[in-house]
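The residues making up each chain are set out below.
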Amino acid sequence: MVEAHSQTQQIQQVVYRILDANLDRAREGLRIIEEWCRFGLNDAQLAEDCKHLRQEVSKWHTAQIRAARDTPGDIGTDLTHPQEEQRSSITSLLQANFCRIQEALRVLEEYGKLHDAEMGKTFKQMRYQVYTLESTLMGYQRHQLLWRSRLYLVTSPVDNLLEIVEACLKGGLTLLQYREKSADDMIRLDRARKLRQLCHDYGALFIINDRIDLALAVDADGVHLGQQDIPIAVARQLLGPQRLIGRSTTNQKEMQGAIAEGADYIGVGPVYETPTKAGKAAAGLDYVRYAAKNCQIPWFAIGGIDASNINDVMDAGAQRVAVVRSLMQADQPTLVTQYFISQLYRK
């Protein structure tokens, strides 16, 4: 009987150690998120939400649980992973810490049931609150980066796709659209996953052309839709409010329609005739001038834009451009990316 009681006490101490470690982990992760909301975004409400969650976690971190801590005897203090030793961007830092918080909350939910029935219920609800916070904050991050992005690369099918894209990312590219119309779905899925990871590593946005299912499958930042694709409202219902939705437009009516539908950004063009849109007449610089005066959301002039005419497009009022061949066929894509960005920030 004494032995059974002793075993129960030992198990209880192990549970307390698990709770202690994960309460610390959740609080630390929330503080990291809170600091970015406070100093990076200057968003008082998001910072307050993080602080409230952190204080709720603290209420459960009792002296009894803290007393079970045994840092010298914790074999986990020496365990690490190369991905933990560096962060490539703010986005990757935030996502890593959201994962950390959610894993800790799940542990607290399960082991908490052994300590206090209310603890399990509390941390289950808190986990859902953190999911919502993550969606809100990552959506906020996406929109901020969209507004800051001046250069938008739309891919075309090439053998060295990943190498070209990474070269452009090294040059400062922050917005990429994967566009490939004819490849098998399994090939597109594989390429989309790899491109999404590259963009994630460099802190860039990753957009899928047309395919909402593919965007969801690889957790892309959004989709780009043509005029013949599904309505933006339907896409929004499938993708949720936090992902980006772009729409191609070729005239004033299409622009106003896309804005009214709730597009996050639009393409304006083709400014010049281009083989990417074979048979489609150029919209010309007049449409660029119209967009400069009448479009309140981010817009990208697109279609035949290269180093020889980018200044003409900018003189017509464009602050952002999307390109295909100028980068996909460039001998030195990193340098060309840097050139475009330097020109676009010149004004």
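Residues numbered from 1 in each chain as written. Predicted model: local features only at pLDDT ≥ 70, side-chain atom pairs only at ≥ 80, totals over all residues. Heavy atoms only, no water.

Overview of the sheet that holds strand β1 (residues 151-154)
Read around the barrel, 8 strands follow the order β1-β2-β3-β4-β5-β6-β7-β8 and close on themselves; strand pairing throughout is parallel. Sheet twist, expressed as the average angle between the axes of neighbouring strands with direction ignored, equals 25°. Packed on one face of the sheet, helix α10 (residues 252-261) meets β5 (244-249) and β6 (265-268) and runs near 165° to β5. (Pairing = 2+ DSSP bridges. Helix = DSSP H or I, 4+ residues; strand = E, 2+ residues; numbered from the N terminus. Axes fitted to C-alpha atoms, helices over the stretch in contact; angles between N-to-C directions. Contact = heavy atoms within 4.5 Å.)

A short note on the pairing of strand β2 (residues 175-178)
Neither face of β2 is left uncovered, since the one carrying Leu175 and Gln177 and the one carrying Leu176 and Tyr178 both have all their residues buried. The pairing of β1 with β2 spans 2 bridges and is parallel. Paired with Leu153 across the bridge in β2 is Leu176. Read from β1 through helix α6 (residues 161-170) to β2, the crossover connection turns out right-handed. Bridge analysis of β2 against strand β3 (residues 205-209) gives 4 bridges, and the strand direction is parallel. By the bridge assignment, Leu175 is partnered in β3 with Leu205. (Buried < 20%, exposed > 50% of the residue type's maximum accessible area, 1.4 Å probe, protein only. Right-handed = clockwise from strand over helix to strand, strands pointing away.)

With respect to a nonpolar patch on the surface
Taken together, Leu216, Ile230, Val234 and Leu238 make up a surface patch of nonpolar side chains, about 310 Å² in accessible area. Looking at where Ile230 falls in the secondary structure, it is placed in the loop between β4 (222-225) and α9 (232-239). (Patch = residues over 30% accessible without salt bridge, like charges linked within 9 Å, V, L, I, M, F, W, Y side chains within 5 Å. Areas by Shrake-Rupley, 256 points an atom, 1.4 Å probe, with all protein chains shown as cover. Salt bridge = Lys/Arg side-chain N within 4 Å of Asp/Glu carboxyl O.)

A few points about helix α14 (residues 333-344)
For α14, with 12 residues, the first-to-last C-alpha span of 16 Å sits near the 16 Å given by 1.5 Å per residue. If you follow the buried residues of α14, they end up packed against β1, α6, α12 (310-315), β8 (321-323) and α13 (325-328). (Expected span 1.5 Å × (residues − 1).)

Some remarks on the packing of α6 against α14
At a minimum axis separation of 7 Å, α6 and α14 run at an interaxial angle of 40°. Accordingly, the angle class assigned to the pair α6 and α14 is oblique. You can see that α6 and α14 cross each other, and the crossing is right-handed. Taken together, the residues of α14 that come into contact with α6 (itself represented by Ile164, Ala167, Cys168 and Lys170) are Pro333, Thr334 and Thr337. In the contact of α6 with α14, the residues fall into 4 nonpolar, 2 polar and 1 charged. (Parallel < 35°, antiparallel > 145°, perpendicular 65-115°, else oblique. Left-handed = near helix turned anticlockwise from the far one by under 90°. Nonpolar A, V, L, I, M, F, W, Y, C, P; charged D, E, K, R; others polar.)

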